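Reading the structure
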Amino acid sequence: MSAAVPPPRENQGQPAARIDARLKVTGEARYAADTPLPNLAHAVMVTSDIACGSVTAIHLDAAKAVPGVLAVLSYGDVDQLKKPKFGNASFTSLAPLHEKKIWHDGQIMALVVADTFEAAQEAADKVTADYEEEKPSASLISADTETIPAKGNTEKHKEDPAVGDFDAAFRDAPVTVDARYSTPTQHHNPIELFSTTAAWADGKLTVYEPSQNVYGFREQIADQLKMDPADVRVVSLFTGGGFGSKGPMTPRTAIVALAAKRLNRPVRCVVTRMQGFTTVSYRAPTRHHIRLGATQDGRITAFGHEGWELTSRVDNYVVGGTDATTRLYGYGAVWSKVSIVKADRQTPGYMRSPPEVPYMFALEMALDELAEKLGMDPVELRRINDTMKDPIDGKPFTTRSLTQCFEAAAKSFGWASRDPKPGSMRDGDWLVGYGCATTIYPTNVAPATVRMRLTADGKVRVQTASHEIGTGVRTVAGQMAAEQLGVDLAAVQVEMGDTELPPAPVSGGSNSTASVCSAVMQGARQIREKLFRAAVGSNSGPLAGRNPDELEMRDGGIVARDGASLKLKEAFDQLGAGVVEEYAEFIPEGAPPEGARKLYQGESTLIDGSKRKKLQFAFGAEFVEVRIHARTREIRVPRMVGAFAAGRIMNPRTARSQLMGGLIWGMSAALLEATEVDERNARYVNRDLAEYLVPVCADAQQVEVIMLPEVDTEVNPAGVKGLGELGNVGTNAAVANAVYHATGRRIRELPIRMENLLDA
Ligand code: MOS
């Protein structure tokens, strides 16, 4: 196991402990549903027992008769709400109480509000409904789904990347792989449950809700409640796991806010674990058809990737992971196509590395199959096909350390001792398998704003409405401020997660560290300029008359190259002020100038690393050892090693934690996680944490994270490539490849479970 506090290497910051660590471990960190409010009422949702059809009658009288019940909102009670718009700030356009049609399992039918949670729960249990049920299409394999191309039907996937004559190249290739892969439905189960708390005062609304996008929520709430966004405040000081589930808003929020308005008292709705499976987004199941053609010496000459993703009847959600797979290697000809399949399910949504996880699973498993056909080491195959330019349109990558990652991880893992023959490595009763895969994530960055204050006593305050979703962004923003203003981290206070603060982008697409740290650099520069001007412009003092360009802030003061220095206190005296406060806007290259203004309107402008002048991606290599019991087929993962290169690492401790969590989640996706959908009624079967399997510590025994030094001055001013979603991309393929190596069984459908290996 690598050290929890890794010493920094080149271009890596200090492994500082999280500045909010004590708050978190002592329970003082205030999560949204912890917010104490006087006279708080409690709400419980009632959700449908069918997935397709309509409600012919809903019976509320028994619920209303429960002592303590204050209100029941159902059909006809919310007409003053506007329907949500499908997009980055709302995961669905469905307005569940506006119509009696049921579009998916567990659709909201009513909201019961009572004096106590217990009364609300009891009353919610007493609500019954009569339905006219229709036969639903549950999954990608069901009859009566509708399949349409993503291109032309979705906002997100506008092009199917392709180059050259794929058909000819594939036909002529001496070695080929032609295989199909699939990944299952997976559900978000963040430790912190989903919740909404709404409180009104003087016609203004405050919503406390775990969020990755407070300004986006504010805009959505205002829109649905037909209010001025200035009268809405969204607070999410800490978020206990986001991973995309708390990026866009769900229909619950506006309904709870409306209930609070009607009752004229604060209302809190904490979503049950089970209801989290149906009222929030999830990772869509996918299918893939991969075709690879190569020369005998291992050069890929043809790559075809066709993908299908499930979506709802109401919204055309897509992830379209071919943007990553078609740009990964130096292929010859490329052809790709993404389709969406509309079924009777709620709209899917973001889940950590939304496009990359399923699409890269298919490609990286196919690559392992190709290596075997070639009789070539899988690491060597990836090395041979490494490229420094985009195979689609020839653009260069800013930096790309994929081969270095493979070398470092292979060495630490002991890959050289692998006997390539499947089933050849055995340790007593255990079949041993080694597998590896590439991991990749685009470096996204977005406009961000910040307000920063420095006082004469060397204290710094950073304010930006980014979100601490567990990544450590509060800490790394503080580190950047400390570095740029020459003070200790302990002197920096960071405020986030509140629309009273200057806006930051949605905490999605792993953009936050890059965007927020770049904004902090801009704010610090403005503060320095003011102080330096005062220092050089004064009639006397050690820095009078100097060129501000030769000054820096260090050790609680201003220092010139020759060592002459001014204490901060003296600089403030010369400035004639006790505080310098600056508001800064960071607009990344390629973003529109109105990017900052759009943030105030709840719109983040993410500049996608796969669509810039140069390609910007973080890379890694992941190695896994599996052990499969020869008799029971029990599958264990005793070791995982990942080596990653992601530009500047702001904090090796928090970065390691992100990457390690990713590796473990990837292993979980490979072996454990799947939501089973009943084909007969399109309902989720295992919708709780007893039956939706997730790993525990014993499932992840040794996880080693190697962070390679990498300097990239082009990605953004901070030089940071986001890594929050990098870790879990390659792992599912690495596990599947290791299972093959151990058993000789290619299981191309996730998750891989012992029952898949019984006859192996
Ligand atoms: Mo992430 S799935 O972009 O929150």
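All of these numbers come straight from a predicted model, not from anything done at the bench.

With that settled, consider the overall build of the protein chain. Helix and strand content of the protein chain: 17 helices and 31 strands. Relative to its length of 760 residues, the protein chain is compact, with a C-alpha radius of gyration of 27 Å against a globular reference of 27 Å. C-alpha extents for the protein chain along the principal axes are approximately 85 × 75 × 50 Å. Considering the protein chain as a whole, with its 760 residues, one finds that 64% of them fall into the buried category. Of the roughly 27400 Å² of accessible surface on the protein chain, a fraction of 49% belongs to carbon and sulfur atoms. When the 85 basic and 94 acidic side-chain charges of the protein chain are each reduced to a single mean position, those positions are 2 Å apart.

On to empty space enclosed by the protein, then. Enumeration according to the criterion identifies 5 cavities of 30 Å³ or more in this entry. Along the walls of the largest cavity sit 16 residues, with Phe91, Thr92, Leu94, His104 and Pro251 positioned nearest its centre. Looking at side-chain class alone, the lining of the largest cavity contains 7 nonpolar, 8 polar and 1 charged residues.

Turning our eyes to something else, we now look at the side chain of glutamate 209. Secondary-structure assignment places glutamate 209 in the loop between β11 (204–208) and α5 (214–224). Of note is the side chain of glutamate 209, whose polar atom sits 2.8 Å from the side chain of threonine 253.

With an omega dihedral of -10°, the bond running from leucine 750 to proline 751 counts as a cis peptide bond. Examined against the element boundaries, proline 751 turns out to sit in the segment after α17 (731–743). A positive phi angle is found at asparagine 39, which is not glycine, with a value near 60°. Tracing the backbone through its elements, the reader meets asparagine 39 in the loop between α1 (21–25) and β1 (41–47). Not every positive phi belongs to a glycine, and aspartate 555 is a case in point at roughly 50°.

Per the counting criterion, the structure on display carries 20 aromatic pairs. With 4.5 Å between their ring centres and 25° between their planes, phenylalanine 303 and tyrosine 331 make a pair best called stacked. Here tyrosine 331 lies in the loop between α8 (322–325) and β17 (333–342) and phenylalanine 303 lies in strand β16 (residues 300–311), a separation of 28 residues in the sequence. Taken individually, phenylalanine 303 and tyrosine 331 each receive the classification buried, so the pair is uniform in this respect. Judged by centre distance (6.2 Å) and plane angle (45°), the rings of phenylalanine 617 and phenylalanine 619 are tilted. On the accessibility criterion, phenylalanine 619 (0% relative accessible area) is buried. Grouping aromatic residues by their ring pairs yields a cluster made of Phe406, Phe413, Trp415, Tyr434 and Phe623. Above the plane of the ring of phenylalanine 170 lies arginine 291, whose end atom (NZ or CZ) is 5.5 Å from the centre.

Taken as a whole and assessed by the stated rule, the structure comprises 47 salt bridges. When the shortest N-O distance is used, the salt bridge between arginine 687 and aspartate 105 registers 3.7 Å. Of this pair, arginine 687 sits in the loop between β30 (683–684) and β31 (702–707) while aspartate 105 sits in the loop between β4 (101–102) and β5 (108–114), placing them 582 residues apart in sequence. Here aspartate 105 falls in the buried class, since its relative accessible area comes to 2%. Glutamate 625 serves as the salt-bridge partner of arginine 639, at 2.7 Å between the closest nitrogen and oxygen. Taken together, the positions of arginine 639 in strand β28 (residues 635–645) and glutamate 625 in strand β27 (residues 617–629) put the pair 14 residues apart, joining distant regions of the chain. Overall, the relative accessible area of 5% leaves glutamate 625 in the buried class.

Within the largest apolar cluster, 90 residues are counted, with the highest numbers of intra-cluster contacts made by Tyr181, Leu292, Leu370, Phe623, Val626 and Leu671. Counting residues per element, this core draws most heavily on helix α9 (residues 356–374), which supplies 10 residues. Of all hydrophobic cores here, the second largest spans 61 residues; its members include Ala43, Val127, Ile221 and Ala254.

Attention now goes to the sheet that holds β4. On the basis of which strands lie adjacent, the open sheet formed by 3 strands has the order β4-β2-β6 and antiparallel pairing. The open sheet is flanked by β4 and β6 (128–133), the only strands paired with a single partner. Bridge analysis of strand β2 (residues 53–59) against β4 gives 2 bridges, and the strand direction is antiparallel. Paired with glycine 53 across the strands is isoleucine 102, a residue of β4.

Further remarks concern the sheet that holds strand β24 (residues 557–560). With antiparallel pairing, 3 strands are arranged side by side in an open sheet as β23-β24-β25. At either margin of the open sheet sits one strand with a lone partner, and together these are β23 (551–554) and β25 (565–567). The sheet shows a mean angle of 20° between the axes of neighbouring strands, direction not considered.

A separate point is helix α16 (residues 652–671). One turn of the α-helix equals 3.6 residues, which is why residues spaced by three or four share an orientation. Taking 1.5 Å of rise per residue, the 20 residues of α16 would be expected to cover 28 Å, and the 28 Å separating its terminal C-alpha atoms lies within 8% of that figure. Within α16, 16 of the 20 residues are buried, leaving the element largely enclosed by the surrounding structure. Capping of α16 at its N-terminal end is provided by asparagine 651; its side-chain oxygen lies 2.8 Å from the backbone amide nitrogen of arginine 653.

Where burial is concerned, most of β16 is hidden: 11 out of the 12 residues are buried. With 9 bridges connecting them, strand β15 (residues 286–294) and β16 associate as antiparallel partners. Bridging across to β16, leucine 292 finds its partner in phenylalanine 303.

The rules behind the values
Residues numbered from 1 in each chain as written. Predicted model: local features only at pLDDT ≥ 70, side-chain atom pairs only at ≥ 80, totals over all residues. Heavy atoms only, no water. Helix = DSSP H or I, 4+ residues; strand = E, 2+ residues; numbered from the N terminus. Rg over C-alpha atoms; globule rule 2.2 N^0.38 Å. Buried < 20%, exposed > 50% of the residue type's maximum accessible area, 1.4 Å probe, protein only. Areas by Shrake-Rupley, 256 points an atom, 1.4 Å probe, with all protein chains shown as cover. Lys, Arg positive; Asp, Glu negative; His and termini not counted. Charge placed at Lys NZ, Arg CZ, Asp CG, Glu CD. 1 Å grid on protein atoms, 1.4 Å probe; cavity = no way out; pocket = protein on both sides within 12 Å on 5 of 7 lines; lining within 4 Å. Points joined across faces, edges and corners; volume = space filled by probe spheres on them. Nonpolar A, V, L, I, M, F, W, Y, C, P; charged D, E, K, R; others polar. Polar contact = N/O pair within 3.5 Å; in protein donor to acceptor, adjacent residues only side chain to side chain. Phe/Tyr/Trp six-rings, centres within 6.5 Å; stacked < 30°, edge-to-face > 60°. Lys NZ or Arg CZ within 6 Å of the ring centre and 35° of its normal. Salt bridge = Lys/Arg side-chain N within 4 Å of Asp/Glu carboxyl O. Core = buried A, V, L, I, M, F, W, Y, C linked by side-chain atoms within 4.5 Å. Pairing = 2+ DSSP bridges. Axes fitted to C-alpha atoms, helices over the stretch in contact; angles between N-to-C directions. Expected span 1.5 Å × (residues − 1).

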